[in-house]
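Tertiary structure, described
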Amino acid sequence: MRWFDAQGGHLETRGLSIDLDVIEIPEHRHHVKLNIFRVDVGLKYYLNSQWTLEATIPYETKTQEATIEEFPESPLTPSEWKAAERNRNIHHRSETYIGPTDPDVLLGYRTQGVLAENDFLMARIGTTIPLGKTEENPWILGDKGLKHLHIQFGTGTFNPIADLHYSLAVYKGLGVNASVRGKFPFYENSKTYRGSRELTYTAGLNYRLNDWFSFQSGYLGNYKSFAYWAGDIDKNTGLLFGMASFGASIRTPYNVPLSLTVMLPLHQKTLYNDTDALRDGKYQERDAFEFGPLVSLTALYAF
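The text that follows walks through the structure, step by step, so that each part is easy to find. (Residues numbered from 1 in each chain as written. Predicted model: local features only at pLDDT ≥ 70, side-chain atom pairs only at ≥ 80, totals over all residues. Heavy atoms only, no water.)

1. Topic: the overall build of the protein chain
The helix and strand inventory of the protein chain stands at two helices and 16 strands. Across its three principal axes, the protein chain shows a C-alpha extent of roughly 70 × 40 × 35 Å. Looking at the protein chain as a whole, 38% of its 303 residues are labelled buried. Pairs at least 24 apart in sequence give 63% of the contacts found in the protein chain among residues at least 6 apart. Here the protein chain displays about 16,600 Å² of accessible surface, and carbon together with sulfur accounts for 61% of that area. If you average the places of the 30 positive and of the 35 negative side-chain charges in the protein chain, the two averages end up 6 Å apart. (Helix = DSSP H or I, 4+ residues; strand = E, 2+ residues; numbered from the N terminus. Buried < 20%, exposed > 50% of the residue type's maximum accessible area, 1.4 Å probe, protein only. Contact = heavy atoms within 4.5 Å. Areas by Shrake-Rupley, 256 points an atom, 1.4 Å probe, with all protein chains shown as cover. Lys, Arg positive; Asp, Glu negative; His and termini not counted. Charge placed at Lys NZ, Arg CZ, Asp CG, Glu CD.)

2. Overview of the sheet that holds strand E9 (residues 193–194)
In space, the three strands of this open sheet follow the order E9-E12-E13, with antiparallel pairing throughout. Each edge of the open sheet carries a strand with a single partner, namely E9 and strand E13 (232–233). Summarising the sheet, strand E12 (residues 228–229) and E13 pair through two bridges and their orientation is antiparallel. Counterpart to Tyr228 in the pairing with E13 is Ile233. (Pairing = 2+ DSSP bridges.)

3. Considerations on the pairing of strand E3 (residues 51–70)
Relative to E3, strand E2 (residues 22–46) runs antiparallel, the two sharing 19 bridges. Among the inter-strand pairings, Tyr46 is bridged to a residue of E3, identified as Thr52. Where E2 folds back onto E3 in an antiparallel hairpin, the turn is made up of four residues. Both E3 and strand E4 (residues 95–100) contribute to a ladder of six bridges, which runs antiparallel. Counted as the bridge partner of Gln64 is Glu95 from E4.

So, in structure tokens, the structure goes:
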């Protein structure tokens, strides 16, 4: 999966002196762009015709680019610009971060004929496993002028997951589907972090042209609540967004289906700021990352 050009950042009035003391400078903005490349290895074992045991092991590369934007009405002097750069470099750096994220393990149950003779329902419950790298409280470190990182690869906690997927054959090769998935962190880790509650919901159509080729289209919505550090809101979290998805699947030789999906953002809203702070019609206050297009490629193999 490749997620392109997630955009984030925030207004800032602090800099760091040559002696690395926190000082006040004219208001400016930290702008951050994030590109994510992710590989998921999924394993599914059929216990019998209805019960399955599933695991997903993800690995991510996160490339961050950080810049400073000054406002025309309050430009920074050369020394203030250097102070702003020193402060930005303890918050956001142009670096690439690589590592595993939290895998999940799910027990699934499948059944047919729930609402109609030719429908299908899959229900799964499970948990994430806290194997991804977590960070120390970035807000405390930032207030002290110390280097820190807002990007995390895990939550440091076991988070329950519930998942429902429903599909219905409508007419010949046409089918409809819907799903809902929730993740529910309920306690903080040893570094006082408690992750966002997440709700993902989809609805779509699929059309099978023949035995080896099919099309899919649909809508994906996602809600991420605030995360917390020692009970205080993490302003870099909290997001509501929706995406349109378009895809195609092909059955290749050796019975290995391939699916290509493209997702395009339709609407996004950060939760920390209900209204955006516009500056000269150009600059906006953004704390949570807002995502760009997503492209994913999936291969399945049964043995």
